[in-house]
Amino acid sequence: IKLHNLGFPRIGAKRELKFAQESYWKGDTSREDLIAVGESLRKRHWEVQAGFDLVPVGDFTFYDHMLDMSFTLGNKPQRVAGFHGHGLDNYFR
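Definitions and limits used
- For every chain, the first residue of the written sequence is number 1, and numbering continues from 1 onward in sequence order.
- Reporting of local features is limited, given that this is a predicted model, to residues whose pLDDT is at least 70; pairs of side-chain atoms are given and counted only at 80 or more, and all residues count toward the totals for whole chains, interfaces and linings.
- The side-chain numbers reported here are obtained from all heavy atoms of the structure, hydrogens and water having been left aside.
- Counted as salt bridges are all cases of a side-chain nitrogen of Lys or Arg within 4 Å of a carboxyl oxygen of Asp or Glu.
- Numbering goes from the N terminus for both helices and strands, where a helix is a DSSP run of H or I of at least four residues and a strand is a run of E of at least two.
- To sort residues, take the accessible area from a 1.4 Å probe on protein chains only and compare it with the maximum for the residue type: under 20% means buried, over 50% means exposed, and anything in between is partly exposed.
- Per-residue confidence from the prediction method is given by pLDDT, with values spanning 0 to 100.
- Counting of polar contacts relies on pairs of N or O atoms within 3.5 Å, with two restrictions inside protein: one atom must be capable of donating a hydrogen and the other of accepting it, and residues adjacent in sequence are counted only when both atoms are side-chain atoms.
- Axis lines are fitted through C-alpha atoms, for helices just across the contact stretch, and the angle between N-to-C directions can take any value from 0 to 180 degrees.
- Any angle that falls under 35 degrees is termed roughly parallel, while one over 145 is termed roughly antiparallel, one within 65 to 115 roughly perpendicular, and all others oblique.
- A contact between two residues is defined here by any heavy atoms of the two lying within 4.5 Å.
- In this classification, Asp, Glu, Lys and Arg are treated as charged, Ala, Val, Leu, Ile, Met, Phe, Trp, Tyr, Cys and Pro as nonpolar, and every other residue, Gly included, as polar.

Draft legend 1. Layout of the pattern of salt bridges. Taken as a whole and judged by the stated rule, the model has 5 salt bridges. For Glu16, the salt bridge is made with Arg44, and the minimal N-O distance between the two is 2.9 Å. Of the two residues, Glu16 is situated in helix α1 (residues 16-26) and Arg44 in helix α2 (residues 31-48); the sequence distance between them amounts to 28 residues. You can call Arg44 partly exposed: its relative accessible area is 32%. As a salt-bridge pair, Glu22 and Lys18 come within 2.6 Å of each other at their nearest N and O atoms. Here Glu22 pairs with Lys18, and both are found in helix α1, just 4 residues apart, close to one helical turn. Among the ionic contacts, a cluster of salt bridges with common partners joins Arg31, Glu32 and Asp89.

So, in structure tokens, the structure goes:
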């Protein structure tokens, strides 16, 4: 028998990503703080799944999987077409 899951909740056991996003959107914390929370969650989730035989990849997103794919394919909304800031700011615009 192989141990596998179909994805891992990206938001964190205590909704850490949700709170980090809201704090970032309000301007209470920095982009680097938000990125650090994302990195910490990904690391923790990989460690929890370390004993699995098969582990899904690409299951983390800061907000929306479809938006991630849209940006990956270069299909960006018109409102961000001319924006040249940090990619994460562009993502949340």
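Draft legend 2. Seen up close, the confidence of the model for the protein. Mean pLDDT over the protein stands at 87; residues scoring 70 or higher make up 100%. The element-level mean pLDDT for the protein is lowest in helix α4 (residues 87-92), coming to 78, with α1 highest at 95.

Draft legend 3. Structural context of the environment of Asp64. Assignment of secondary structure puts Asp64 in the loop between α2 and α3 (65-72). A C-alpha to C-alpha distance of 9.7 Å links Asp64 and Tyr91, two positions 27 residues apart in sequence. Separated by 2.6 Å, the side chain of Asp64 and the backbone nitrogen of Leu67 make a polar contact.

Draft legend 4. Region of interest: the packing of α1 against α2. Relative to each other, α1 and α2 sit at 170 degrees, their axes nearing to 9 Å. Here α1 lies roughly antiparallel to α2, going by the angle between them. Listed contacts from α2 to Glu16, Leu17, Ala20, Gln21 and Tyr24 of α1 are Arg31, Leu34, Val37, Leu41 and Arg44. Its residues assigned to classes, the contact of α1 with α2 comprises 6 nonpolar, 1 polar and 3 charged.

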